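Observations on the model geometry
One-letter residues, chain by chain:
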Protein chains: 2
Amino acid sequence: LKRIKIVVAYDGTNYCGWQIQPNEITVEKVLNDKLSKLLGEDIKIIGASRTDSGVHALGNVAVFDTNSTIPGDRFSYALNTLLPDDITIQASCEVQKDFHPRHCDTRKIYEYKILNRQFPVPTKRLDTYFFSHCLDINKMKETAKYLVGEHDFKSFCSVKTQTETTVRTIYSLEVTRSDDVVSIKVIGNGFLYNMVRIIAGTLIQVGTGYYEPINIKEMLGSIDRTVAGPTAPPEGLTLVEIQFL
Amino acid sequence: LKRIKIVVAYDGTNYCGWQIQPNEITVEKVLNDKLSKLLGEDIKIIGASRTDSGVHALGNVAVFDTNSTIPGDRFSYALNTLLPDDITIQASCEVQKDFHPRHCDTRKIYEYKILNRQFPVPTKRLDTYFFSHCLDINKMKETAKYLVGEHDFKSFCSVKTQTETTVRTIYSLEVTRSDDVVSIKVIGNGFLYNMVRIIAGTLIQVGTGYYEPINIKEMLGSIDRTVAGPTAPPEGLTLVEIQFL
């Protein structure tokens with residue numbers, strides 16, 4: 001028995017997120033089904049990050065155990081021939097048998113993309129959130145500085161969050177504009193439920209002038225979800241990369 | 001009766017191109033149907049450019065005549081409420097009654113995008129052509145220089161082309177790479193049937209080393225479709241803009 005790690009990219013538009021749920025099509029379910037078909041074994045993958053319904057990934061990570069003789073780096077090619085267009089394996093390799101993608105120290109990189117122009121663009125609709133109101137990028141950049149570092153992010157996670165501590169560290173949070181796409185790129189040691197989307201929703205409200213950058217300091221201090229901005233829609237969010245330290 | 005000009009963006013993935021055909025869903029058909037519904041008149045638009053099946057647009061142009069009292073610049077908003085996600089109006093205005101989008105001198109801008117990496121990326125699949133072989137961008141840039149200017153492009157158009165002359169002028173042809181996307185951007189006074197896709201297909205074959213840049217000079221000189229490279233797939237091509245001179 002050997003353990004294989006796969007790096008998975010997907011367009012989350014048509015999936016109820018990563019995690020298996022009864023009567024729903026999820027990325028985990030498709031991967032289990034296709035791997036089981038490919039290998040003739042009952043495969044149950046273990047994912048690193050349970051992305052929400054409608055959220056995308058360039059580099060989510062999962063592992064599974066198999067008796068297959070396929071070399072580790074060939075699983076990507078074999079599995080891609082069976083997968084639908086909206087899921088692709090980016091890499092595969094054999095890892096140590098005790099490697100567990102949720103029991104490791106990691107750095108995660110997320111990007112939230114806003115298509116900021118008068119009218120939507122059909123070819124960009126998969127992975128951007130369309131928002132037509134003017135955004136003050138400089139104010140958004142200023143706000144980002146308050147969020148970097150180790151903080152209690154209780155104001156910036158869903159009230160449904162179940163976790164021992166809501167303290168997390170954001171290593172960097174960059175807001176940039178390239179033509180009509182505003183990108184919010186955040187690197188941290190882990191993120192709470194809906195945390196990136198609430199940060200994006202709050203930064204958007206700073207961009208429109210609804211909040212001032214300094215308000216974010218108070219929001220962090222309040223430790224209260226009701227004081228921060230709304231949860232931005234899932235279609236703008238992509239899990240870019242998970243780095244195992 | 002007034003004449004309205006609309007600028008249309010679409011994801012061509014699910015359309016049999018622009019032009020109305022029996023028993024097929026085309027962009028022109030959807031626009032005629034939705035405009036007729038919106039205005040209560042039998043609307044037949046006149047398009048500037050009949051893009052092929054699977055080809056996209058950011059700025060195709062069409063006109064139609066109507067008795068409606070809706071101000072010219074409001075048609076975009078009104079029509080967008082009726083259109084599916086893969087077609088949006090980017091602008092609308094009233095124009096002179098004799099303005100015909102195919103009887104004007106124009107500059108057209110097309111972009112062909114190649115996703116050049118080991119494995120496909122689902123969120124980029126709508127408007128890029130996935131090609132995993134290494135591409136020598138410098139050779140592609142060198143090749144592009146031979147195509148700029150006024151030439152007989154008979155070697156670079158479909159044998160099905162019906163036109164008085166196959167002489168066209170390319171004002172600029174730029175090949176650039178940004179991360180894993182290679183972009184071929186071409187500006188000309190008009191393009192023959194499949195011309196941009198044959199240029200892209202030929203540049204790709206130069207990029208892989210199958211042709212040398214100097215071969216393109218001979219191809220142009222041969223005035224023979226069989227000597228140029230293949231027609232690149234439609235999904236990489238976008239009609240970016242039509243400028244009326």
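Residues numbered from 1 in each chain as written. Chains lettered and ligands numbered in written order. Predicted model: local features only at pLDDT ≥ 70, side-chain atom pairs only at ≥ 80, totals over all residues. Heavy atoms only, no water.

Some words on the overall build of chain A
Stated formally: Strands are runs of DSSP state E lasting at least 2 residues, helices are runs of H or I lasting at least 4, and numbering of each runs from the N terminus. Within these notes, the globule rule equals 2.2 Å times the number of residues to the 0.38 power, and the radius of gyration is based on C-alpha atoms. For every residue, the accessible area obtained with a 1.4 Å probe (protein chains only) is divided by the maximum for its type, and the residue is called buried under 20%, exposed over 50%, and partly exposed between those limits. Residue contacts are defined here by distance: any two heavy atoms, one from each residue, within 4.5 Å place the two residues in contact.
A count of helices and strands for chain A gives 5 helices and 10 strands. Taking 245 residues into account, the globule formula puts the C-alpha radius of gyration at 18 Å, and chain A, at 19 Å, falls close to it. Each principal axis of the C-alpha distribution contributes one length, and for chain A these read about 60 × 40 × 30 Å. Going through the 245 residues of chain A one by one, you find that 54% of them count as buried. Counting contacts in chain A only where the partners sit at least 6 residues apart, residues at least 24 apart contribute 71% of the total.

Section: helix 1 (residues 27-39) of chain A
Residue and element names in this part refer to chain A. Our working rule: Under the convention used throughout, the expected extent of a helix is 1.5 Å for every residue step, that is, one less than its residue count.
Its 13 residues give helix 1 an end-to-end C-alpha distance of 18 Å, which sits within 8% of 18 Å, the value for a rise of 1.5 Å per residue. Residues of helix 1 that are buried: Val-27, Glu-28, Val-30, Leu-31, Asn-32, Leu-35, Ser-36 and Leu-39. On its buried side, helix 1 packs onto strand 1 (2-10), strand 3 (56-66), helix 2 (75-80) and strand 4 (87-95).

Some words on the interface of chain A and chain B
What counts here: Summed over both partners, the accessible area (1.4 Å probe) lost when two parts come together is defined as the buried area. By definition here, a salt bridge exists when the distance from a side-chain nitrogen of Lys or Arg to a carboxyl oxygen of Asp or Glu is within 4 Å.
With 24 residues of chain A at the interface, the matching set in chain B holds 24 residues. Surface buried jointly by chain A and chain B totals about 2000 Å² across both partners, of which 60% is contributed by carbon and sulfur atoms. If you look at where chain A meets chain B, you find 2 salt bridges. Its salt-bridge partner being A:Arg125, residue B:Asp11 comes within 2.9 Å of it at the nearest N-O pair. Put simply, the parts of the chain that give the side of chain A that touches chain B at least two residues each are strand 1, strand 3, helix 2 and strand 4 of chain A.

Observations regarding the pairing of strand 9 (residues 181-188) of chain A
Residue and element names in this part refer to chain A. For the record, the criterion: Two strands pair if DSSP finds at least two bridges between them.
Across the 8 residues that make up strand 9, a large majority, 7, are buried. Sheet topology note: the strand 5 (residues 106-115)/strand 9 ladder contains 8 bridges and is antiparallel. Following the sheet pairing, Lys-113 is matched in strand 9 by Ser-183. In this structure, strand 8 (residues 167-178) lies alongside strand 9, joined through 8 bridges in antiparallel fashion. By the bridge assignment for strand 9, Val-175 is matched with Ile-184.

Considerations on the relation of the copies chain A and chain B
Selection rule: For the least-squares superposition of copies, only C-alpha atoms count, and only for residues with pLDDT at least 70 in both.
The two copies are related by a screw operation: chain A maps onto chain B through 180° of rotation and 0.0 Å of translation along the axis, at an RMSD of 0.0 Å. Taken together, the rotation and translation describe the operation of a two-fold axis. Take the interface residues of chain A: 100% of them recur as interface residues in chain B, which is what a same-surface contact looks like.

Digging into helix 1 (residues 27-39) of chain B
In this fold, the buried residues of helix 1 of chain B make contact with strand 1 (2-10), strand 3 (56-66), helix 2 (75-80) and strand 4 (87-95) of chain B. Phi turns positive one or two residues past the end of helix 1 of chain B, at B:Gly40, with a value near 65°.

A short note on the environment of A:Val95
Secondary-structure assignment places A:Val95 in strand 4. If near-sequence neighbours (up to four positions away) are discounted, A:Val95 is found in contact with A:Arg3, A:Ile4, A:Lys5 and A:Val63.

Comments concerning the environment of B:Lys37
All names here are of chain B. With respect to the helices and strands, the residue Lys-37 is situated in helix 1. Judged by relative accessible area, which is 61%, Lys-37 ranks as exposed. With 45 residues separating them in the primary sequence, Lys-37 and Leu-82 have C-alpha atoms 8.9 Å apart.

Topic: the packing of aromatic side chains
Put simply, the test is: Stacked, tilted and edge-to-face pairs are distinguished by plane angle, under 30 degrees for stacked and over 60 for edge-to-face with tilted covering the rest, among Phe, Tyr and Trp rings (Trp via its six-membered ring) whose centres lie within 6.5 Å. Whether a charge sits over a ring depends on NZ of Lys or CZ of Arg being within 6 Å of the ring centre and within 35 degrees of the ring normal.
A complete count under the given rule lists 18 aromatic pairs over all chains for this structure. Sitting over the face of the ring of A:Tyr77, A:Arg74 holds its NZ or CZ atom 4.3 Å from the ring centroid. Against the face of B:Tyr171 rests B:Arg107, its NZ or CZ located 4.7 Å from the ring centre.

Topic: the side chain of B:Asn194
All names here are of chain B. Its location among the elements puts Asn-194 in the loop between strand 9 (181-188) and helix 4 (195-207). What makes Asn-194 buried here is its relative accessible area of 17%. Setting aside residues up to four positions removed in sequence, Asn-194 forms contacts with Asp-52, Phe-156, Ser-158 and Thr-231.

What about the pattern of salt bridges?
Pairing between side chains of opposite charge can happen when their charged atoms approach one another. Residue and element names in this part refer to chain A. This model, assessed by the stated rule, comprises 18 salt bridges over all chains. One salt bridge connects Arg-117 with Asp-180, and the closest N-O pair in it is separated by 2.8 Å. On the criterion of sequence distance, the pair formed by Arg-117 in the loop between strand 5 and strand 6 (129-130) and Asp-180 in the loop between strand 8 and strand 9 is long-range, its members being 63 residues apart. Put simply, Arg-117, Lys-124 and Asp-180 are held in one network by salt bridges that share partners.

Description of the confidence of the model for chain A
Basically, it comes down to this: Confidence of the predictor at the level of single residues is given by pLDDT, which spans 0 to 100.
Of all residues in chain A, 100% attain a pLDDT of 70 or more, and the chain-wide mean is 96. On the interface metric, ipTM, the complex scores 0.93, and its pTM is 0.95.

Concerning unusual backbone geometry
Despite not being glycine, A:Ile223 has its phi angle at roughly 50°, a positive value. Inspection of the secondary structure puts A:Ile223 in the loop between helix 5 (215-222) and strand 10 (237-244). Although it is not a glycine, B:Asn194 adopts a positive phi angle of roughly 70°.

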